[in-house]
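# A structural walkthrough
What follows is each chain in one-letter form.
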Amino acid sequence: MRTRKVEIFAFILPGLLFLIIFSLYPTLFTWYTSFRDFSIFSNNFNGLRNYFELFKDNVFYISLKNSLLYVIFAVGFEFIIGMLIALLFNQNFKGKSIALIFIMLPMIIPPVVSALSFYMMYDPTLGLMNYILKNLFHISGFSWLTDPKTAIWAVVLIDIWQWTPFVSLVLLAGLQYLPKETLEAARIDGANSIQIFFSITIKLMRKIIMIALLFRTVEAFKAFESIFITTKGGPGYNTRTLNIYAYIKGFEFMKFGEAATLAILMLFVSSFLISIFRKFFSKEEIK
Amino acid sequence: MKRVALYFIFIMCGILFVSAFAFGGEYFYGKFFATKEDILNSFKQSNINWRQFEGESITFIGNAEPNQESIMQLVNVFEELTGIKVTHELVSEENLRQKITVDLTGRTGIYDAMLIDPGYLALYDKSQSLEDLSVYINDPTITDPNWYQWPSDFPEQFIKMGQINNIQYGVPLHLSGTLMIYRKDLYEEKGIPGPAKTFDELWDHASKLNNPDEYYGIAMRGMAGAGLNMFIWTTFLKSFGGQWWDENWKPMLDSPEVIESAKFYSDILKNFGPPGVSSWEWSKILSGLQSGKVAITIDTPAFGISIEDPELSKTAGKWGYAPQPAGRAGITMDPFAWYVGINKDSKHKKAAWLFITWMTSKEVQMAIGGPTIYVSRLSVNGDPRWQEDHPWLAGWQTALMENVKYADPDCRPRIPEYPEIGNVVGVALQEVISGQKNAEDAMKEVNKKVYDILDKAGYYK
């Protein structure tokens, strides 16, 4: 028995070390830094000052709102569209394997590349979006990234384009493992597709849906390239999320203590979101 | 089948390998030095022992732009001259700031010589991260004053901009800032006699030259940032008679003059600028100029080489250059240059200094092409031989040298808090340009924010 435990530990050790060095230590150091006035020329203990200053900062609340808007709409649409794609690919049709490859492509492209590509497509005078609108639909184009009304949605769209394939893959896996007998029984009993979908499919896929949404929520919360490359948080503060604000505080103002405080608050918010998910998806039983 | 594929791959690799030799390795020393020996001999005429730090190695970090890339291609000259090994990195501006910040804050001394943005010098002065270069300038074993010609061969305002509290932290690599650039041909077409001398004329010209969907009257930086829209708008702030703060550091951004300058800047862009101009930064302006979509701009003179090159620009040969328009407080130019300085934690400070003198030497500046790729030395800038290849250069130099007379190194105040203040005011200005707020509300709000920033930093004790 002893040797088994040692073996197990030896196998886990590399991964554990990696996590400790690259995950645990930075998190603890960030926590530590958030209690300090840490900039390029100072490093003094500051207690809870950073936190109090942040709660008095109206830009913090704007950033929080933007982060939540981004997450809710990006993940929401990714879920709906992802589910539709998964349902489609759960059936057999001609050219399915090739179509699947194309659907998966956005996920493989580095986020920086897709952000840059969208940045060019969104250009009001030279970009593809306005070109299509003007020449095909004869509508005058939009200033996608610079109009305060459209900027945040333009940026959310980049996220949706890039990550819907991920959601659809996870949901497709869930759909393929559904018990066929249950579904057939429901069909024989006379239920139509919509009733089957909402009463049975979704309920049986509860855990898988939770996994997909959880992953996407945490990642969308941390979204960086799609915003930084296109708008840098602008116009004004319209697309400045918590993550972008933390970057600006750290690398433009050089105030690492305040940036760390933002990062720790982000940790709290995402933990809170995760706990909501788990409560919501674990409480109901399948009737 | 497998064997054929294998042979094919082998042959392709071979072709790639051979062609690398065909296209690589040619060095170009500019039109004044025919061979490497010529340029080496010029250096050897100075009165210092170039080989005194033989065997040492240094690391330099700079910005990935054409000027510096040209200099780095000549590093083999330095290595042969001195026997010092140079590791050089050229990265984007964002990366540059991040890497230097990490190195200086951690006091790790990774970079011996580094490129510095003068807007951050006050920060580095406060954190005591950089060497006082006068120690090296005045040391006759490593600087031959007759050869290096400091300070005489460099513009005075640019020397001052490399100082904080009279300590010289950096040597300027360039001579740049702001300049008014306009389409001479369109001016002639519309019968406008000359470039705008006042802001009223600027408005008038921009409106006459505004032909939406074909070209726009004027474009200037709208993108929020301490070095972006602030770079240009602060010249308006000063020319309109405004001030950042009074003698007691109380911010004056809510004064009528500053509000007027913000209103003018945003109104002229809203009325005669291209769509989306509130997020335009220099690369968009440059492509706007090159593609013929913009008739007037106030931005960096470095655009000259790119807009006059027929291979890069549709509008080559059509440009005029002039000093900026004057407001009630005259003309203001916002000077900018990249500076090179020495890390206080460097273990090869003197070797790094040799590298800096080499980088900013007359020889290297002549070799990389003089004012067609803008450089800092007055003698190189003023050399008339450059005009043989570039007829537009004479007008450009006259305009730039005239504008430099009005250079205000504190256009964007060089205090440690400027990066934060610049960002906050830049965002407010962008809100006005994009129509989210009017100038008066935006400036009054941001004035309070600036007060808070200075208060937190202890200016009002």
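Residues numbered from 1 in each chain as written. Chains lettered and ligands numbered in written order. Predicted model: local features only at pLDDT ≥ 70, side-chain atom pairs only at ≥ 80, totals over all residues.

### Notes on the overall build of chain A
The secondary structure content of chain A amounts to 13 helices and two strands. A principal-axis box enclosing the C-alpha atoms of chain A has dimensions of 75 × 70 × 35 Å. By the burial criterion, 34% of the 287 residues in chain A qualify as buried. Across chain A, contacts joining residues at least 24 apart in sequence account for 70% of those joining residues at least 6 apart. (Helix = DSSP H or I, 4+ residues; strand = E, 2+ residues; numbered from the N terminus. Buried ≥ 20, exposed ≤ 12 C-beta atoms within 10 Å, placed from the backbone. Contact = placed C-beta atoms within 7 Å.)

### Concerning the overall build of chain B
When you go through chain B residue by residue, the secondary structure sums to 21 helices and eleven strands. At 24 Å, chain B has a C-alpha radius of gyration in line with the 23 Å of a compact globule built from 461 residues. Dimensions of chain B, computed from C-alpha atoms along their principal axes, come out at roughly 65 × 65 × 55 Å. For chain B, the proportion of its 461 residues judged to be buried stands at 51%. (Rg over C-alpha atoms; globule rule 2.2 N^0.38 Å.)

### Notes on helix H5 (residues 93–106) of chain B
The end-to-end C-alpha separation of H5 of chain B is 20 Å, in line with the 20 Å expected for 14 residues at 1.5 Å each. Taken together, the buried positions of H5 of chain B are occupied by Leu 96, Arg 97, Ile 100, Thr 101 and Leu 104 of chain B. Looking straight down H5 of chain B, one finds that the buried residues subtend no more than 125 degrees of arc, so they occupy a single side. Seen from the open side of H5 of chain B, the exposed residues pointing more than 90 degrees away from its buried face are Glu 94 and Gly 106 of chain B. Next to the buried residues of H5 of chain B lie helix H12 (242–251) of chain A together with strand E1 (57–63), strand E2 (85–91), strand E3 (113–116) and helix H6 (121–126) of chain B. Just downstream of H5 of chain B lies Arg 107 of chain B, where phi reads positive at about 50 degrees. (Expected span 1.5 Å × (residues − 1). Arc of directions from axis to C-beta.)

### A short note on unusual backbone geometry
Pro 235 of chain A follows Gly 234 of chain A through a cis peptide bond whose omega is -10 degrees. Position of Pro 235 of chain A relative to the elements: it lies in the loop between helix H11 (225–228) and H12. Even without glycine at this site, Gln 128 of chain B takes up a positive phi of about 50 degrees. Here Gln 128 of chain B lies in the loop between H6 and helix H7 (134–137). Here Asn 166 of chain B, not a glycine, exhibits a phi torsion of approximately 65 degrees, which is positive. Residue class for Asn 166 of chain B comes out exposed when judged on the 8 C-beta atoms lying within 10 Å of it.

### Thoughts on the confidence of the model for chain B
A residue-level look at chain B finds 96% of positions with pLDDT of 70 or above and a mean pLDDT of 90. Model confidence for the complex is summarised by a pTM of 0.81, with the ipTM given as 0.76. (pLDDT = per-residue confidence, 0-100.)

### Focus on the sheet that holds E1 of chain B
All names here are of chain B. Strands sit in the order E2-E1-E3-E11-E6 across an open sheet of five strands; the sheet is mixed. Pairing within the sheet leaves two strands with one partner each, and these edge strands are E2 and strand E6 (171–172). Where E1 lies against E3, two bridges are found, and the strand directions are parallel. In the sheet register, Ile 61 faces E3, and the bridge partner there is Met 114. Of the strands in this sheet, E1 and E2 are in contact with helix H3 (residues 66–73), which crosses E2 at around 160 degrees. (Pairing = 2+ DSSP bridges. Axes fitted to C-alpha atoms, helices over the stretch in contact; angles between N-to-C directions.)

### Looking at the domain arrangement of chain B
Residues and elements named next belong to chain B. One can read the domain layout of chain B as domain 1 (36–176 + 337–381) and domain 2 (179–332 + 408–456). The straight-line distance from the C-alpha centre of domain 1 to that of domain 2 is 31 Å. At the interface, 15 residues of domain 1 touch 13 residues of domain 2. Those elements that provide at least two residues to the side of domain 1 that touches domain 2 are H6 and helix H9 (156–161). A breakdown of the residues in the side of domain 1 that touches domain 2 according to their chemical character gives nine nonpolar, four polar and two charged. (Domains from an automatic or database assignment. Nonpolar A, V, L, I, M, F, W, Y, C, P; charged D, E, K, R; others polar.)

### Here we look at the interface of chain A and chain B
If you look at the interface, chain A gives 18 residues, while chain B gives 25 residues. Its residues assigned to classes, the side of chain A that touches chain B shows eleven nonpolar, six polar and one charged.

### Considering the environment of Pro 251 of chain B
All names here are of chain B. Tracing the sequence through the fold places Pro 251 in the loop between helix H12 (229–239) and helix H13 (256–272). With 24 C-beta atoms counted inside 10 Å, the residue Pro 251 sits in the buried group. Between the alpha carbons of Pro 251 and Met 359 there is a distance of 40 Å; along the sequence they are 108 residues apart. Those residues in contact with Pro 251 that lie beyond four places of it in its chain are Trp 244, Trp 245, Asn 447, Val 450 and Tyr 451.

### Digging into the sheet that holds strand E10 (residues 319–322) of chain B
Residues and elements named next belong to chain B. Spatially, the four strands line up as an open sheet ordered E8-E9-E7-E10, and their pairing is mixed. Looking along the sheet, the strands with just one partner apiece sit at the ends: strand E8 (216–219) and E10. Strand after strand, the sheet turns through a mean of 15 degrees between neighbouring axes, direction not considered. In this structure, strand E7 (residues 179–183) lies alongside E10, joined through four bridges in antiparallel fashion. Along E10, the bridge assignment pairs Arg 183 with Trp 319.

### What to know about the nonpolar core
Side chains of nonpolar character tend, in soluble globular proteins, to be buried together. Membership of the largest hydrophobic core comes to 187 residues, with the highest contact counts inside it found for Ala 113, Ile 218 and Phe 355 of chain B. For this core, the element with the highest residue contribution is helix H7 (residues 151–176) of chain A, accounting for twelve residues. (Core = buried A, V, L, I, M, F, W, Y, C linked by C-beta atoms within 7 Å.)

### Here we look at the pairing of strand E2 (residues 42–45) of chain A
Residues and elements named next belong to chain A. Here strand E1 (residues 36–39) pairs with E2 via four bridges, running antiparallel. Looking at the pairing, Phe 38 lines up with Asn 43 of E2. Hairpin connection of E1 to E2: two residues between the antiparallel strands.

### Describing the packing of helix H5 (residues 111–121) of chain A against H7 of chain A
All names here are of chain A. For the pair H5 and H7, interaxial distance at closest approach is 10 Å and the crossing angle is 135 degrees. In terms of orientation, H5 lies oblique with respect to H7. Between H5 and H7 lies a crossing whose hand is right-handed. Here Pro 111, Ser 114, Ala 115 and Phe 118 of H5 lie close against H7, whose contacting residues are Ile 158, Trp 161 and Gln 162. For the contact of H5 with H7, the residue count by class is five nonpolar, two polar and no charged. (Parallel < 35°, antiparallel > 145°, perpendicular 65-115°, else oblique. Left-handed = near helix turned anticlockwise from the far one by under 90°.)

### Focus on helix H16 (residues 349–359) of chain B
Summarising burial for H16 of chain B: nine of the eleven residues are buried, a large majority. When H16 of chain B is considered as a whole, its buried residues turn out to be Ala 351, Ala 352, Trp 353, Leu 354, Phe 355, Ile 356, Thr 357, Trp 358 and Met 359 of chain B.

### Remarks on the environment of Leu 24 of chain A
Relative to the helices and strands, Leu 24 of chain A resides in helix H1 (residues 2–33). Each C-alpha atom of the pair Leu 24 of chain A and Phe 11 of chain A lies 19 Å from the other, and the pair is 13 residues apart in sequence.

### Quick look at the environment of Asn 166 of chain B
Summarising the element assignment, Asn 166 of chain B is placed in the loop between strand E4 (163–164) and strand E5 (167–168). Considering only alpha carbons, one finds Asn 166 of chain B and Thr 198 of chain B, 32 residues apart in sequence, at a separation of 34 Å.

### Topic: the pairing of E3 of chain B
All names here are of chain B. The alternating pattern of E3 places Ala 113 and Leu 115 and Met 114 and Ile 116 on opposite faces, both of which are buried. Taken together, the four bridges between E3 and strand E11 (residues 339–342) define a ladder with antiparallel strand orientation. Among the inter-strand pairings, Ile 116 is bridged to a residue of E11, identified as Tyr 339.

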